[in-house]
Structures are given as C-alpha cells and as structure tokens.
Amino acid sequence: MLPFKLIYSDDYYLPIGAHVFPAEKYRRVHARLLETGIAAAGDFLKPQPASDQDILLVHTPEYVHKLKTGTLSPQEEMQLEVPFSPELVHAFWLAAGGSILAAQHALQDGVAVNIGGGFHHAFPDHGEGFCMIHDVAVAIRRLRRDDKIHTAMTVDCDVHQGNGTAAIFAGTRVPSGTLPSQSSQNAGRMRSAHAGDVFTISLHQHNNYPAWKPLSSIDVDLPDGVGDDDYLGWLDNALSSGLRQFEPDLLCYIAGADPYREDQLGGLALTLEGLKRRDALVFRVARARKIPVMVTFAGGYARNVEDTVTIHCNTVLAARDALSAPRSG
Ligand SMILES: [Zn+2]
C-alpha cells in the first residue's frame, strides 16, 4: 500500500481518435502501477465529475454553456486542437473532479496524485492546446471556497508554458522586474511578478507553444536543448525564490512528461533519470517545508508511449520515496 492516494478513472481516456496526445496513457499508467506492484487496487480512488458550480469558479458561464450545448464556433474548436464531443466534455469534468479529490487528499496525507489532469492551457473563456477545462485551477478555487486552503502555489514543469494558469491567477499581480538568475552558462531567463493568493511558477522551453506567454509569478524561459543538470539548477532556483516570497498551503505540481529528450512536441533534452531527479526535488523541497503536494500529469508525447508511461509512473515512485524518507529541513 502507498502512503497516499492515486486518483483514477478509466473514463479519463480522451475520445479524440488518432492524435499526438496519447489518450490511452492514463489506462497504461494505471495498469503499469498495478503490474509492477508499485500500487495496489486499494491505493486508487475513483473521482466524480466536478459540478458545474465548481467549473464556474474558474470558467465563464458563456464558455461553460457552449461546452454543455456543443455550440463552440469552428474557430474555438480549432483552438482546442482536439475534436469536440459530449464525451470529451465529460472526460474534462471528470479530470477536474479528480484534481479536486487529489487536492483534498493531499491535505490529509501530504501527497496525492491525480493519474490525469494538468490541463494548464485552458483559460476562463476558452480552451486551447488540448485543454478544455483547467482542472488544477478548479481544484484550487474549490478548496479556497471550502476554506480548506488560503494560498496555493503551482509548479509547472511541463515543457510548455502554463499560459492558462498564469492568466487565471494574474488578477492581483504587478510585475516586479527580473530576478537575479543563477550564474549559468545557459542563457535561460527568469521573470517574476508579485502574486495574489496563488503563486504560479512555470519552467518551460521559451521557443515553443504558446507563442503568447502571459506572466506567471515566476517564468523560467529555457533555451532549446537544456539537459538535466541545467534544468535542475533552474528548478531549484525557481522553487527557492518562490518559497522565499510566498507560503502556500498547497503545492500543485504539474508534472508534464514532455521535457523528455525523446518528446515529439518538446525541445528540451532531459533524460528519464533527470526527470526522476526533477520529481524528487519538488517533493523534497515541499516536504522540508511541510507543504502538501497535489500532482497532475499534463503533457507527454514521447515517440515511444511507454516512455511517457514510465515518466508518469516514476513520479508516483518519487512521491512514495519522498514520503518515506525522514524529513529534513
Ligand atoms: Zn506540454
């Protein structure tokens, strides 16, 4: 048994046909975790779809109405980059429910992993980049509404910038200039801005989708081809900077598998080992400060889908190892 819960439903599968997004990855991760004995059946919790009321904590009534009545314009559907269907709407409502459940259990157990979610390109009034509903933002807003948390931090390690996250939580933010970055031979760049109640960190490849990158609290714009050691240095620096400025009640880790060097949509060069170290670093830093961590999976487009599955399963292993390690300051 794991010392925390995994949130999963077979209905996380996205009915989008042949697509670069490997919609079957959720089922494969679930199966792999069981086959390898990393998890037992009792470790999994089945989510319910989020309520419309929960979705409306983040998304506009107009957008929600269009989704529920199937009346997106052709342009809006094109921007989503996945074919619209009522079944797809259901899968996104379910992913949001899963992230709410994961956030609730993270507060109980220190960690919880949604074997899905991380749809960080969804905006209040539209979806894009395979993301219809911003499940992580819905979970944060729901826990705030329930008075379970007052503050949250998103740590987005998907190779693509968390544009939806930045836009949703940008309300009270004032740009505060550029942070001094670590000395590195690599020409990455760290931008920062003051946060409201949600502090957003995004580490991403600069030269990649989305073209327009709204300001996160901290954005680390990485050049093409960054490898393990440089990436981990930037991540360490961003986490330290963020946690000097802000004390979150919950950390939402968006553990994208697409910084991997074999990714079809990414241009960074992390190895499987480097991605494990990335996960371990996030969990270690959070645990040292007693911050609960809610994990979502976001993107992953490895040429071999089994690599994507491995990266996501390794995140579960890293969470287990971090929870079983003695706490150090
Ligand atoms: Zn991505």
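Residues numbered from 1 in each chain as written. Predicted model: local features only at pLDDT ≥ 70, side-chain atom pairs only at ≥ 80, totals over all residues. Heavy atoms only, no water.

### Observations concerning the coordination of the zinc ion
Distances from the zinc ion to its protein donors, Asp158 (OD), Asp158 (OD), His160 (ND1) and Asp258 (OD), fall at 1.9 to 2.8 Å. Classification of the site at the zinc ion rests on its 4 donor atoms, whose angles at the metal span 52 to 152 degrees, yielding the label irregular. We note that the donor set of the zinc ion lies within a single chain, spaced as D-x1-H-x97-D. Of this pair, His160 sits in the loop between strand S4 (152-156) and helix H7 (163-168) while Asp258 sits in the loop between strand S9 (250-254) and helix H9 (272-288); the two residues are 98 residues apart in sequence, bridging distant segments of the chain. Judged on exposure class, the residue His160 and its partner Asp258 are both buried. (Donors = N, O, S within 2.8 Å, 3.2 Å for Na, K, Ca; no water. Tetrahedral: all angles 85-135°; square planar, octahedral: opposite > 155°, others 65-115°. Helix = DSSP H or I, 4+ residues; strand = E, 2+ residues; numbered from the N terminus. Buried < 20%, exposed > 50% of the residue type's maximum accessible area, 1.4 Å probe, protein only.)

### Quick notes on the pairing of S4
In terms of burial, S4 is largely enclosed, as 5 of its 5 residues are buried. With 5 bridges joining them, S4 and strand S7 (residues 198-205) adopt parallel strand pairing. Looking across to S7, one finds that Met153 is bridged to Phe199. Judged from the 5 bridges that link them, S4 and S9 form a sheet pairing that is parallel. Its bridge partner lying in S9, Met153 is registered against Leu251. (Pairing = 2+ DSSP bridges.)

### Looking at helix H1 (residues 25-35)
Those residues of H1 that sit buried are Lys25, Tyr26, Val29, His30, Arg32 and Leu33. All buried residues of H1 fall inside an arc of 165 degrees around its axis, so they share one side. As for H1, its buried residues are in contact with strand S1 (5-7), strand S2 (44-45) and helix H10 (305-324). Backbone geometry just after H1 places Gly37 at a positive phi near 75 degrees. (Arc of directions from axis to C-beta. Contact = heavy atoms within 4.5 Å.)

### Brief notes about the pairing of strand S8 (residues 218-222)
Across the 5 residues that make up S8, a large majority, 5, are buried. For S7 and S8, the ladder comprises 5 bridges, and the chain directions are parallel. In the strand pairing of S8, Leu203 is matched with Val220.

### Points about the packing of H1 against H10
Two elements in contact, H1 and H10, have axes separated by 9 Å at closest approach and are oriented at 55 degrees. Judged by the angle between their axes, H1 and H10 are oblique. Judged by the sense of rotation from one axis to the other, the crossing of H1 with H10 is right-handed. Residue-level contacts link Lys25, Arg28, Val29, Arg32 and Leu33 of H1 to Val305, Glu306, Thr308, Val309, Thr310, His312, Cys313 and Val316 of H10. Taken together, the residues that form the contact of H1 with H10 break down as 6 nonpolar, 3 polar and 4 charged. (Axes fitted to C-alpha atoms, helices over the stretch in contact; angles between N-to-C directions. Parallel < 35°, antiparallel > 145°, perpendicular 65-115°, else oblique. Left-handed = near helix turned anticlockwise from the far one by under 90°. Nonpolar A, V, L, I, M, F, W, Y, C, P; charged D, E, K, R; others polar.)

### With respect to the confidence of the model for the chain
Confidence along the chain averages 93 in pLDDT terms, with 93% of residues attaining 70 or more. This stretch, residues 179-185, has a pLDDT under 50; its non-local contacts, to residues over four places away or in other chains, come to 14 contacts. (pLDDT = per-residue confidence, 0-100.)

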